[in-house]
Amino acid sequence: MGLRLAARLRRDGARAEQYAGSADLGHSQGHAWRRRLLQRGPLGLEDGSHRPKRPRRPRWTPELAQAILALRQEYPHWGKEKLVVLLRRQG
């Protein structure tokens, strides 16, 4: 579907919104495809990586993570609200 859309966009020079609806895409996805097509040609429409550009960094210290794991093993049915109270009591 992407290559047919790309060919129509190139041939007609039309706006991305016009063909996004016919391809069951939102207008923002039509714009993204059009931009990728103009920048990289038909290869730009191939599936790319879904990996985040900026992976999240852990906010917990290793000591806190170990304390949480120990509490979860000791109280496996308790939720985070109860475990937070225990962690705060421990310091």
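This one's a predicted model, so the numbers in the text were calculated from it and none came from an experiment. (Residues numbered from 1 in each chain as written. Predicted model: local features only at pLDDT ≥ 70, side-chain atom pairs only at ≥ 80, totals over all residues. Heavy atoms only, no water.)

**Student:** Mind showing me how you'd approach the layout of surface pockets here?
**Tutor:** Gaps between atoms show up when a probe of the same size as a water molecule is rolled over them. Of the voids in this model, the largest pocket is the one considered here, and its volume is about 220 Å³. Along the lines of polarity and charge, the residues of the lining of the largest pocket split into two nonpolar, five polar and four charged. (1 Å grid on protein atoms, 1.4 Å probe; cavity = no way out; pocket = protein on both sides within 12 Å on 5 of 7 lines; lining within 4 Å. Points joined across faces, edges and corners; volume = space filled by probe spheres on them. Nonpolar A, V, L, I, M, F, W, Y, C, P; charged D, E, K, R; others polar.)

**Student:** Explanation requested: helix H3 (residues 27-40) in the structure shown.
**Tutor:** For the α-helix, the turn length of 3.6 residues means that residues three or four positions removed from each other point alike. For H3, built from 14 residues, the straight-helix expectation of 20 Å at 1.5 Å per residue is met to within 8% by its first-to-last C-alpha distance of 20 Å. Just downstream of H3, Gly41 is the residue with a positive phi angle, here 75 degrees. (Helix = DSSP H or I, 4+ residues; strand = E, 2+ residues; numbered from the N terminus. Expected span 1.5 Å × (residues − 1).)

**Student:** Before we go on, may I ask you to explain the confidence of the model for the chain in this structure?
**Tutor:** Low pLDDT marks regions whose predicted coordinates should not be analysed in detail. When pLDDT is averaged across the chain, the result is 80; 74% of the residues are at 70 or more. Mean pLDDT across the elements of the chain bottoms out in helix H2 (residues 16-20) (62) and peaks in helix H4 (residues 62-74) (93). (pLDDT = per-residue confidence, 0-100.)

**Student:** Looking at this structure, I do not really get the packing of aromatic side chains. What am I missing?
**Tutor:** Evaluated as defined, the whole model comprises one aromatic pair. Aromatic pair Tyr75 and Trp78: ring centres 4.2 Å apart, planes at 15 degrees, arrangement stacked. Looking at Tyr75, the relative accessible area reads 25%, which means it is partly exposed. A cation over an aromatic ring shows up here: Lys82 above the ring of Trp78, its NZ or CZ 5.2 Å from the ring centre. (Phe/Tyr/Trp six-rings, centres within 6.5 Å; stacked < 30°, edge-to-face > 60°. Buried < 20%, exposed > 50% of the residue type's maximum accessible area, 1.4 Å probe, protein only. Lys NZ or Arg CZ within 6 Å of the ring centre and 35° of its normal.)

**Student:** Mind showing me how you'd approach the nonpolar core here?
**Tutor:** In summary, soluble globular proteins display a tendency toward joint burial of nonpolar side chains. Listed in full, the five residues of the largest apolar core are Ile68, Leu71, Leu83, Leu86 and Leu87. When residues of this core are traced back to their parent elements, those giving at least two are H4 and helix H5 (80-90). Considering every element that reaches this core, the biggest residue donor is H5, with three residues. Those residues in contact with Leu71 that lie beyond four places of it in its chain are Leu83, Leu86, Leu87 and Gln90. (Core = buried A, V, L, I, M, F, W, Y, C linked by side-chain atoms within 4.5 Å. Contact = heavy atoms within 4.5 Å.)

**Student:** Is there a simple way to think about the side chain of Arg36 in this case?
**Tutor:** Relative to the helices and strands, Arg36 resides in helix H3. Within the buried set, Arg36 has no salt-bridge partner at all; the shortest N-O distance to an opposite charge, 5.7 Å, is to Asp47. Looking at Arg36, its side chain comes within polar contact range of the main-chain oxygen of Glu46, at 3.2 Å. Contact partners of Arg36, with chain neighbours within four places excluded, come to Gln29, Gly41, Gly44, Leu45 and Glu46. (Lys, Arg positive; Asp, Glu negative; His and termini not counted. Salt bridge = Lys/Arg side-chain N within 4 Å of Asp/Glu carboxyl O. Polar contact = N/O pair within 3.5 Å; in protein donor to acceptor, adjacent residues only side chain to side chain.)

**Student:** It is not clear to me how the packing of H4 against H5 should be interpreted in this structure. Could you clarify?
**Tutor:** How two helices sit against one another is set out by the angle between their axes and by the gap between those axes. Axis separation between H4 and H5 bottoms out at 11 Å; the angle between their running directions is 120 degrees. Our classification of the angle between H4 and H5 gives oblique. Pair H4 / H5 crosses with right-handed handedness. Together, Leu64, Ala67, Ile68, Leu71 and Arg72 of H4 and Lys80, Leu83, Leu86, Leu87 and Gln90 of H5 make up the contact between the two elements. Taken together, the residues that form the contact of H4 with H5 break down as seven nonpolar, one polar and two charged. (Axes fitted to C-alpha atoms, helices over the stretch in contact; angles between N-to-C directions. Parallel < 35°, antiparallel > 145°, perpendicular 65-115°, else oblique. Left-handed = near helix turned anticlockwise from the far one by under 90°.)

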